[in-house]
Amino acid sequence: MKQFLALKDFFYEYRWRYIIGIIWLIAVDSLQLIMPKLLGAFTDALRNGTLSTRQLLLYIASILVIALFMFIFRFLWRMYVMGNARFLEYKLRNDLFSHLQTLSTNYFNHHKTGDLMAHATNDINAVRMAAGPGIVMIFDTIILLGTTIFMMIQTISLKLTIIALLPLPFMAVVTGRFGKIIHHRFRKAQESFSHLTEKVQENFSGIRVVKSFVQEQAELENFTKANQDYVDKNMHLVRIQALFDPIVQFISGISLLIILSYGGILVINHEITLGDFVAFNSYLGLLIWPIMAIGWVINILQRGAASMARLNEIFQTKPEIYDQEGLIQPDLQEIKGDIRIQHLSFAYPNQSNKVLSDINIHIPQGKTLAIIGKTGSGKTTLVNLLVRLYDVEEGMIQIDGHDIKSFPLEVLRQNIGYVPQDNFLFSTSIKENIGFGLDSYTDQEVEKAAEDAQILDNIQDFPMKFETIVGERGVSLSGGQKQRVSIARALIKNPKILILDDSLSAVDTKTEEAILKRLKEVMKERTSIIIAHRISTIKEADEIIVLDEGKIVERGTHEQLLQLKGQYYDLYQKQLLEEMIANE
Ligand SMILES: Nc1ncnc2c1ncn2[C@@H]1O[C@H](COP(=O)(O)OP(=O)(O)OP(=O)(O)O)[C@@H](O)[C@H]1O
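The following refers to the structure shown.

The rules we used
Residues numbered from 1 in each chain as written. Predicted model: local features only at pLDDT ≥ 70, side-chain atom pairs only at ≥ 80, totals over all residues. Heavy atoms only, no water. Pairing = 2+ DSSP bridges. Helix = DSSP H or I, 4+ residues; strand = E, 2+ residues; numbered from the N terminus. Contact = heavy atoms within 4.5 Å. Axes fitted to C-alpha atoms, helices over the stretch in contact; angles between N-to-C directions. 1 Å grid on protein atoms, 1.4 Å probe; cavity = no way out; pocket = protein on both sides within 12 Å on 5 of 7 lines; lining within 4 Å. Points joined across faces, edges and corners; volume = space filled by probe spheres on them. Nonpolar A, V, L, I, M, F, W, Y, C, P; charged D, E, K, R; others polar. Parallel < 35°, antiparallel > 145°, perpendicular 65-115°, else oblique. Left-handed = near helix turned anticlockwise from the far one by under 90°. Patch = residues over 30% accessible without salt bridge, like charges linked within 9 Å, V, L, I, M, F, W, Y side chains within 5 Å. Areas by Shrake-Rupley, 256 points an atom, 1.4 Å probe, with all protein chains shown as cover. Salt bridge = Lys/Arg side-chain N within 4 Å of Asp/Glu carboxyl O. Core = buried A, V, L, I, M, F, W, Y, C linked by side-chain atoms within 4.5 Å. Buried < 20%, exposed > 50% of the residue type's maximum accessible area, 1.4 Å probe, protein only. Domains from an automatic or database assignment. Near = heavy atom within 4 Å. Polar contact = N/O pair within 3.5 Å; in protein donor to acceptor, adjacent residues only side chain to side chain. Phe/Tyr/Trp six-rings, centres within 6.5 Å; stacked < 30°, edge-to-face > 60°.

### Topic: the sheet that holds strand 4 (residues 394–399)
Two modes of strand pairing occur in sheets, parallel and antiparallel, and in both the strands are linked by backbone hydrogen bonds.
Now for step 1: Sheet architecture is open: four strands sit in the order 2-1-4-5, paired in antiparallel fashion. Here the strands that pair on one side only, and so sit at the sheet edges, are strand 2 (356–363) and strand 5 (402–403).
Now for step 2: The pairing of strand 1 (residues 339–346) with strand 4 spans five bridges and is classified as antiparallel. For Ile341, the partnering residue across the bridge sits in strand 4 and is Ile397.
Now for step 3: With respect to the sheet, helix 11 (residues 379–386) is in contact with strand 1, strand 2 and strand 4, its orientation differing from that of strand 1 by roughly 120°.

Spelled out as structure tokens, the structure:
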């Protein structure tokens, strides 16, 4: 249970709510104990024929008042204790989300989104159950068991109590065992459900591929299989749940049988009164729940502890990229944009082969560097290192003469406008997508960024203009429109460094020319890095480097590279030929 130590601050902060909740719980339990005695006295008075109308009314009034107070106190303890559990759930989920946000890209490369979602739902839920119903059950079980048994022995009969309670430990064992099996089967059903939803989600987001490959029938069969599996797992669960109730009823039935037979004899022998017999019966009814709860509470706490252990593991994971003490210079709050890369070599974490080898580049402030090269040659990796999605191990990247690790991470990233290759858009309006990186922005700023990215005309043509919702991952926009919204999102930050990773590949050459012309204007004072496969995108750059298997194999201006008659020249010739054929 040491896993819960991580929550000690929460329990301390909310201790009064717990204490007050438990006081209300004790009040409910105490009132519950009066009921059987009242019933017993009522029965005796009935049997002896001494019950007057006034007394009858008094009994009715007492039962009503007790029931009313129990109603109020039950409401109160639930509000306090269960409410606390909800606060804990809220805090844990928030903490988890904000911690996950700090973790590095590499962490997400190795952890599936589905697993992270499971932590955020199932694990947090299990901890909530332990911190709410779990705690209540512990107290309730102890209080009710202790006091009820005390009342049975003290006010009725020790012998009858011992004999009647004999079958009940079996109930605790049965509940514990059943609880485990039910939980296991429940988990299996949950997993099957996750698989089913994953299938559906994938099918719908990939619906264009499914349709164009005429795979509807095959997909339907896959879905039916997954759906069948889900129903099978649920039937498995229902079977065990259906067995559980009758077994509990059976065991409590045995106790009842003992009371009827042995208690009956005691009444006949005048060792206890008929009222005692009735009261004893009611006490036994009160015991069923706490005894069942022993098994449940053990399961709930075990499950909560296992989930807490999984969450603790995430909380203890440190981000790989962070502001390192000793390296960081907090007063570096500005970036001008002079970039120098020296003897940079890089391999991805836990990989032996180098993706970049001995890279040396200098991009003076305001100049443009273009990177071209085959797929997989390391272009994206190089810019990922510049925005510190990964950290450099060998060699150095400097901005304005300082190692990039000396800049606070936030300053570094705020000053770089990065348009990544995948152009991820959020399923919200175009306006919010463009303003994504800013705390506040005006409509004019959004329009200006859209204009600079040459997307303003397109947006004006949409009926909802900037309020157009782009659909999940931006599906309702064309590839080229998505790219330009992503560029606008980078430009609105007014970055000192702009990085375009293959960001113009989906626009036609005319639009590309227009964007580049505009960008030239916008980026006059800024440093730019443009990655592309098309020479038309990069030929105006101040320097072009050609990457091949992580090494710079050629470098210079467009003209210089053509004169080299190497890879760049070959590519240029090939693209010229393609263009000619396309124009014919
Ligand atoms: N997260 C990663 N973990 C391990 N290897 C990676 C990772 N990302 C990329 N790589 C590998 O690094 C190499 C360079 O990839 P990179 O994405 O930098 O190439 P690229 O030149 O940008 O390619 P493209 O033009 O297709 O975008 C590739 O061999 C790729 O498989």
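We are not done yet, so read on.
### Thoughts on empty space enclosed by the protein
Now for step 1: Tallied over the entire structure, the rule returns one cavity of 30 Å³ or more.
Now for step 2: In this structure, the largest cavity encloses a volume near 40 Å³.
Now for step 3: As for the largest cavity, its lining consists of Ile339, Ile341, Ile363, Leu369, Ile371, Leu382, Val383, Leu386 and Ile529.
Now for step 4: Counting residues per element, the lining of the largest cavity draws most heavily on helix 11, which supplies three residues.
Now for step 5: Broken down by class, the residue content of the lining of the largest cavity amounts to nine nonpolar, no polar and no charged.

### Description of the packing of helix 2 (residues 15–48) against helix 5 (residues 113–155)
Each packed pair of helices is defined by two parameters, the angle between the axes and the distance between the axes.
Now for step 1: In the contact formed by helix 2 and helix 5, the axes pass within 10 Å of each other and the chain directions differ by 30°. As the angle between them shows, helix 2 and helix 5 are arranged roughly parallel. Our pair here, helix 2 against helix 5, has a crossing hand that is right-handed. On helix 5, the residues touching Tyr18, Ile22, Leu25, Ile26, Asp29, Gln32, Leu33 and Lys37 of helix 2 are Ala131, Ile135, Val136, Phe139, Asp140, Ile143, Leu144, Thr147, Thr148, Met151 and Thr155.
Now for step 2: When the residues that make up the contact of helix 2 with helix 5 are grouped by side-chain class, the tally is 12 nonpolar, four polar and three charged.

### Quick look at a nonpolar patch on the surface
Now for step 1: Residues Val65, Leu68, Phe69, Phe71 and Ile72 make up a contiguous nonpolar surface patch of about 470 Å² in total accessible area.
Now for step 2: Examined against the element boundaries, Ile72 turns out to sit in helix 3 (residues 53–102).

### Observations regarding the nonpolar core
Now for step 1: With 42 residues, the main nonpolar core has Ile430, Ile434, Phe466, Ile538, Ile544 and Tyr568 as its most contacted residues.
Now for step 2: The biggest single contributor to this core is helix 16 (residues 479–491), with five residues.
Now for step 3: For this core, the two domains that each supply at least three residues are domain 2 (331–415 + 496–584) and domain 3 (422–494).
Now for step 4: When near neighbours in sequence (up to four residues on either side) are disregarded, Ile544 contacts Ala370, Ile372, Ile538, Lys539, Glu554, Arg555, Gly556, Thr557, His558, Leu561 and Tyr568.
Now for step 5: Core analysis: the second largest hydrophobic core is formed by 41 residues, Leu7, Ile66, Leu96 and Met308 among them.

### Side note on the packing of helix 2 against helix 3
Now for step 1: Where helix 2 meets helix 3, the closest approach of the two axes is 8 Å, and the angle between their N-to-C directions is 155°. In terms of orientation, helix 2 lies roughly antiparallel with respect to helix 3. Considering only the axes of helix 2 and helix 3, their crossing is left-handed.
Now for step 2: Partitioning the contact of helix 2 with helix 3 into residue classes produces 28 nonpolar, five polar and two charged.

### Regarding the site of the ligand
Now for step 1: Taken together, 14 residues sit near the ligand, with Gly376, Lys379, Thr380, Thr381 and Gln421 positioned nearest.
Now for step 2: Here Lys379 contributes a side-chain N or O atom positioned 2.8 Å from an oxygen atom of the ligand.
Now for step 3: Isolated, the ligand exposes 640 Å² of accessible area, and the fraction of that covered by the protein chains is 65%.
Now for step 4: With three residues, the top contributor of residues to the shell around the ligand is helix 11.
Now for step 5: Residue composition of the shell around the ligand, grouped by class: three nonpolar, nine polar and two charged.

### Brief notes about the packing of aromatic side chains
Now for step 1: Throughout the structure, instances matching the rule amount to 15 aromatic pairs.
Now for step 2: The interplanar angle of 70° and the centroid separation of 5.9 Å between the aromatic rings of Phe10 and Phe11 together place this pair among those described as edge-to-face.
Now for step 3: Exposure remark for Phe10: the relative accessible area of 2% places this residue in the buried category.
Now for step 4: Considering the side-chain rings of Phe10 and Tyr14, the 4.4 Å spacing of their centres and the 25° angle between planes classify their relative orientation as stacked. Like Phe10, the residue Tyr14 is buried in the burial classification.
Now for step 5: Within the aromatic cluster, the residues linked to one another by ring pairs are Phe10, Phe11, Tyr14, Tyr18 and Phe87.

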